[in-house]
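# Descriptive structure summary
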Amino acid sequence: MSCCAPGAEMALDVAGAASVLPSSQEVKLASRSLGGDLYQTDLSVPAVHCAACIRAIETALGKLDRVEGARVNLSTKRVSVRWRGDEVPPFVATLGRLGYDAHLFEPEAYGKDKTLSELIRAVAVAGFAAGNIMLLSVSVWSGAAGATRDLFHWVSALIAIPALAFAGGIFFRSAWNALRHGRMNMDVPIAVGVSLAYAMSLYETINHGDHAYFDASVSLLFFLLIGRTLDHVMRERARTAVKGLSQLAARGAMVLRGDGARDYLPVGEIEPGMQLLIAAGERIPVDGKIIRGSSDLDCSLVSGESTPRTVASGEAVQAGILNLTGPLTVQATAAAKDSFLEEMVRLMEAAEGGRAHYRRIADRVSALYAPVVHLAAFVTFAGWMAATGDWHRAMTIAIAVLIITCPCALGLAVPIVQVVAARRLFESGIMVKDGSAMERLAAIDTAVFDKTGTLTLGQPHLVNAPSIEPAMLAIAAEMAAHSRHPFSRAIAGFAGFAGQPKLESVSEHPGFGIEATAAGSTWRLGRRGWAGWRARTGGEGNHGYGGTVLTKDGIIVASFVFEDALRADARAAIVQLNDARVSMEMLSGDTAAACADVAKALGIDRFVPVLVPSGKVECIEALARAGHKVLMVGDGLNDTPALSAAHVSIAPATAADIGRNAADFVFLRESLLAVPLALDVSRKAGRLIRQNIAIAIVYNTIAVPIAILGHVTPLIAAIAMSASSLLVIGNALRLQGFVLAEVTGAPSATRSGIRASVQPS
Amino acid sequence: MTTLVYLIPAALFLGALGLSGFLWALRSGQYEDLHGAAERILIDRDDKPER
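Along every chain, residues carry numbers that run from 1 in the direction the sequence is written. The lettering of chains begins at A and the numbering of ligands begins at 1, in the order of writing. Reporting in this predicted model follows two pLDDT cut-offs: at least 70 for local features of residues, and 80 or more for side-chain atom pairs to be given and counted; totals over whole chains, interfaces and linings ignore these cut-offs and use all residues. Computation of side-chain values covers all heavy atoms of the structure but excludes hydrogens and water.

Labelled according to an unreviewed UniProt entry, chain B appears under the name Cbb3-type cytochrome oxidase assembly protein CcoS, originating from Mesorhizobium temperatum.

Okay, here's the thing in structure tokens:
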């Protein structure tokens, strides 16, 4: 790859491990027509990250036949390719050659974010109106009087109308919605305050009054809209990035018709009884039964079991399983909507109840805040009415109270901290779904880990390489390069170790191994019983993956021992979580022996092996009943219901699609240090949010009495409001400062992935 | 006072011009890839210009 930063290769490795190139039929299915024979395909390319990447991709794709143009979007890490004709140009393969893994993504991700553009337009309009009105107001404050003042007030009133109608509409709609359902939210006092202030100011203007509040009502909208836009940007950006990461579920399958014809059908149109052809390297789209062929299957996404399963005809397979070595003919036993995948979705929806009850801090505060504000304004009005009998004066002061208590600081306090925190995490390769996820993460006291794919990489690696003769290892690597089997991949990494052996006629025997001839001898790499058919077979290997050998004419010349590699920094992450006073537990679908090894290596005391998906949910619910707030870290399809059931959840980017959607955080790098980092940033963000809310409350306890006593002029109101907002923003920006200081100041805590991320962006 | 009759509409017009410029830029997608725009400056384009 042509680029520079160390983080990119890592992201690439992670993505490469789980991805399978989409077939050209799949690409075609995912493309949309732009009229005529022009098509557009959107691809997600997670590894693209700098100008060199943009140039490499755009030039290479632009040179392809029938490609009209390619455009990289660096913010969303996508490439859109426009092409002509019936055949799909080989752009996925081209990207692969350049070193970028490309994935198709969901059709619904095409739509632009309408809410965001509406919010930005509203901010622009409110900003324009606020700026102009403020200019006029300053003139009034500095002494314009008589007809001039009236003119300025009238102009202000005119500018404010479109601003209120357009920018204020967002608040009015939301407030009306809340009131209609008998709820109270922060938008109610805003809507009431803004419209009352406008009406009162208009009345003043008509009667040639001294003071008008047009500036206050419009700049209030401006500040609040900024807060709301930030909030929205944070949530959407992470969500689309998560959506676009990769596409693991099969989009369609080749169907074998009764008359021998072959059709490529989308998953939704596959019905029970159809015969599907699954090539090596494809995912099985629906539950079914194998009727022809044998192969090795990677079931890790479904069951959490890390050793590939050897299957022959007659066995049942579930949707989502990856076919590794041989072609299979599968008879569908269920439509896509009745498959294992959908059962997971149902379990997940059932489990999600617990989390739906969580209310964000801002909502909780505003539920208390809104009635208090209204009550204060009403009491002020009643008090002044009783004291002076002057309804105009009483009304003016009551509005001043409403405006000065305006939740500007509060509206900004929470989103701005969360945006800064989310940005910090994003730079470290962690994506946050929404602000409440950070609030929930800050509260956890227990972390539950899945084993396969989370604490371990879910891929075997060769552990006895040093004890194997280099020449033999080179031959094995050469042979292994022809297979997709995880063991083969692990061995193939040692290619080029010694002189190049000359292999002839390499063939793969699905479920058994690889056979090749070289210089008159037959070499076999695979299961002990198959490869060493003339050998004096010794005992089975005592490791989980034991029993893979290399034979020359039936004599065992090397045996290979595999182990699942621990995820980078897993141990360091466990230690840091321990320091953060989080208790830990491991849940897995894998065997007790495999779990015990990993738990011992990492120093986790408690683990529960051989769990079915609903078992994991039960474990988490039991912890929750005992009063614990649980963080679930997992990746597989089988973890998905548990991810939803937990108080908050984190998944690696290699997780199943559905798992990533269920998780609140997704980390892109291999390092498990992402978990303590996310926890740390979330806790700091939580502290800052509480400080900001405290600032808002202190501000109100000072400002409100002054307003109630009737000493607030529009000038004071404007200054007080802006000052409180600036204070809150300044406080939030401290997060950026001290997290950065910590990362650069403490190298021990920032190994590999985390360190790589701290680069100017 | 009479100058204000010209100046205020002039100021509002200029402000509105800026606003409509921003809205146009927003609609034509210039804010869709801020990150990419920043990096694209670094790319030498000796071939044809970007479409």
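### Thoughts on the overall build of chain B
The condition is simple: Strands are runs of DSSP state E lasting at least 2 residues, helices are runs of H or I lasting at least 4, and numbering of each runs from the N terminus. Only protein chains enter the calculation, and the probe is 1.4 Å; a residue is then buried if its accessible area is under 20% of its type maximum, exposed if over 50%, and partly exposed in between. Note on areas: Shrake-Rupley, 1.4 Å probe, and residue coverage restricted to the protein chains presented here.
Each helix and strand counted, chain B has two helices and zero strands in total. Within chain B, the proportion of its 51 residues that are buried is 20%. Total accessible area computed for chain B in this model is approximately 4000 Å², and 67% of it derives from carbon and sulfur atoms.

### Regarding the interface of chain A and chain B
This is how it is decided: Between two residues, a contact is recorded if the distance between any of their heavy atoms is within 4.5 Å. Salt bridges are defined as contacts in which a side-chain nitrogen from Lys or Arg sits within 4 Å of a carboxyl oxygen from Asp or Glu. Polar contacts, as used here, are pairs of N or O atoms within 3.5 Å; protein pairs need one atom able to donate a hydrogen and one able to accept it. Residues neighboring in sequence count only if both atoms are side-chain atoms. Classification convention: Asp, Glu, Lys, Arg as charged; Ala, Val, Leu, Ile, Met, Phe, Trp, Tyr, Cys, Pro as nonpolar; all other residues, Gly among them, as polar.
With 28 residues of chain A at the interface, the matching set in chain B holds 24 residues. Where Arg40 of chain B meets Glu58 of chain A, a salt bridge forms, and the shortest distance between an N and an O atom there is 2.9 Å. Scanning the region where chain A abuts chain B turns up three residue pairs in polar contact (both at pLDDT 80 or more). Broken down by secondary-structure element, the contributors of at least two residues to the side of chain A that touches chain B are α3 (51-63), β3 (67-73), α5 (114-141) and α6 (146-166) of chain A. Here the element with the most residues in the side of chain A that touches chain B is α5 of chain A; it accounts for eight residues. Counted by class, the side of chain A that touches chain B contains 14 nonpolar, eight polar and six charged residues.

### Regarding the pattern of salt bridges
Residues and elements named next belong to chain A. Under the counting rule described, the total for this entry stands at 10 salt bridges over all chains. The shortest N-O distance in the salt bridge between Arg606 and Glu585 comes to 3.2 Å. Of this pair, Arg606 sits in strand β25 (residues 606-608) while Glu585 sits in strand β24 (residues 583-587), and the two are 21 residues apart along the sequence. For Glu585, a relative accessible area of 11% gives the class buried. For Asp680, the salt bridge goes to Lys684, with nearest N and O atoms at 3.1 Å. Taken together, the residues Asp680 and Lys684, both in helix α26 (residues 674-708) and four residues apart, mark about one turn of the helix. Assessed through its relative accessible area of 29%, Asp680 is described here as partly exposed. Via salt bridges that share partners, Asp37, Glu68 and Arg84 belong to a single interconnected network.

### Looking at the sheet that holds strand β26 (residues 630-633) of chain A
All names here are of chain A. Cut-off, in case you're wondering: When DSSP finds two or more bridges between a pair of strands, those strands are recorded as paired. Interaxial angles span 0 to 180 degrees and are taken between N-to-C directions of axes, which are lines fitted to C-alpha atoms, for helices over the stretch in contact.
The strand order β15-β28-β27-β26-β16-β24-β25 describes an open sheet built from seven strands, whose pairing is mixed. Lying at the two open borders of the sheet, with one neighbouring strand each, are β15 (430-432) and β25. Strand-to-strand twist in this sheet, taken as the mean axis angle between neighbours without regard to direction, amounts to 20°. Both β26 and strand β27 (residues 648-652) contribute to a ladder of three bridges, which runs parallel. The residue of β27 that forms the bridge with Met632 is Ser649.

### Quick notes on the sheet that holds strand β9 (residues 288-292) of chain A
All names here are of chain A. Pairing is antiparallel across the open sheet formed by six strands, whose spatial order is β7-β6-β8-β14-β9-β12. Each of the sheet's edge strands pairs with one partner strand only, and the pair in question is β7 (262-266) and β12 (316-317). The sheet contact formed by strand β6 (residues 252-256) and β7 spans five bridges and is antiparallel. Directly across from Met254, in β7, lies its bridge partner Tyr264.

### So, unusual backbone geometry
Glycine aside, residues mostly have negative phi angles, and peptide bonds mostly take the trans form. All names here are of chain A. For Arg66, which is not glycine, the phi dihedral falls at a positive 65°. Tracing the chain through its elements places Arg66 in the loop between α3 and β3. With a phi angle near 55°, His208 is a residue other than glycine that sits in the positive phi range. Within the fold, His208 resides in the loop between α8 (187-206) and α9 (214-244).

### Concerning the confidence of the model for chain B
Note the following rule: pLDDT measures the predictor's confidence residue by residue and takes values from 0 up to 100.
Summarising the model, chain B shows a mean pLDDT of 80, and 84% of its residues fall at 70 or more. The ipTM, which scores confidence in the relative placement of chains, is 0.79 for this predicted complex, and the corresponding pTM is 0.69.

### Remarks on the UniProt feature "transmembrane region" (unreviewed entry) in chain B
The test is simple: UniProt positions are given in the numbering used here, feature names are shortened, and annotations may be inferred rather than shown by experiment.
If you check UniProt for "transmembrane region" (unreviewed entry), the listed places come out as residues 6-26 of chain B in our numbering. The distance separating the terminal C-alpha atoms of residues 6-26 of chain B is 30 Å; by composition the span is 100% helix and 0% strand.

### Details of the environment of Gly168 of chain A
Residue and element names in this part refer to chain A. Mapped onto the elements of the fold, Gly168 is located in the loop between α6 and α7 (169-180). Under the relative-accessibility criterion, Gly168 is labelled buried at 0%. For the pair Gly168 and Ile190, spaced 22 residues apart in the sequence, the C-alpha separation amounts to 9.2 Å. Those residues in contact with Gly168 that lie beyond four places of it in its chain are Ala163 and Leu221.

### As for the packing of aromatic side chains
All names here are of chain A. Keep this limit in mind: Any Phe, Tyr or Trp ring, taking Trp's six-membered ring, that has another such ring centre within 6.5 Å forms a pair; planes under 30 degrees apart are called stacked, those over 60 apart edge-to-face, and the others tilted.
Enumeration according to the criterion identifies five aromatic pairs over all chains in this entry. Ring centres of Trp83 and Phe91 lie 6.4 Å apart, and the angle between their planes is 55°; this geometry places the pair in the tilted category. Since its relative accessible area comes to 0%, Trp83 is described here as buried. Summarising the aromatic geometry, the rings of Tyr203 and Trp391 are spaced 5.9 Å apart at their centres and angled 55° between planes, so their arrangement reads as tilted. Residue Tyr203 is located in helix α8, and its partner Trp391 is located in helix α14 (residues 391-404); the two are separated by 188 residues in the primary sequence. Judged by its relative accessible area of 44%, Trp391 falls in the partly exposed class.

### Comments concerning the side chain of Asp664 of chain A
Residue and element names in this part refer to chain A. Within the secondary structure, Asp664 sits in the loop between α25 (657-662) and β28 (665-667). For Asp664, a relative accessible area of 5% translates into the label buried. In this structure the side chain of Asp664 is engaged in a polar contact, spanning 3.1 Å, whose partner is the side chain of Arg440.

### Focus on the confidence of the model for chain A
Residue and element names in this part refer to chain A. Looking at chain A, pLDDT values average 76 and 82% of them are 70 or higher. No element of chain A has a lower mean pLDDT than helix α28 (residues 752-757), which averages 33, and none a higher one than β26, which averages 90. Note that pLDDT drops below 50 for residues 1-19; the model gives that stretch 47 contacts with residues more than four away or on any other chain. With pLDDT under 50 throughout, residues 534-546 is counted as low confidence; its partners more than four residues away or in other chains account for 22 contacts.

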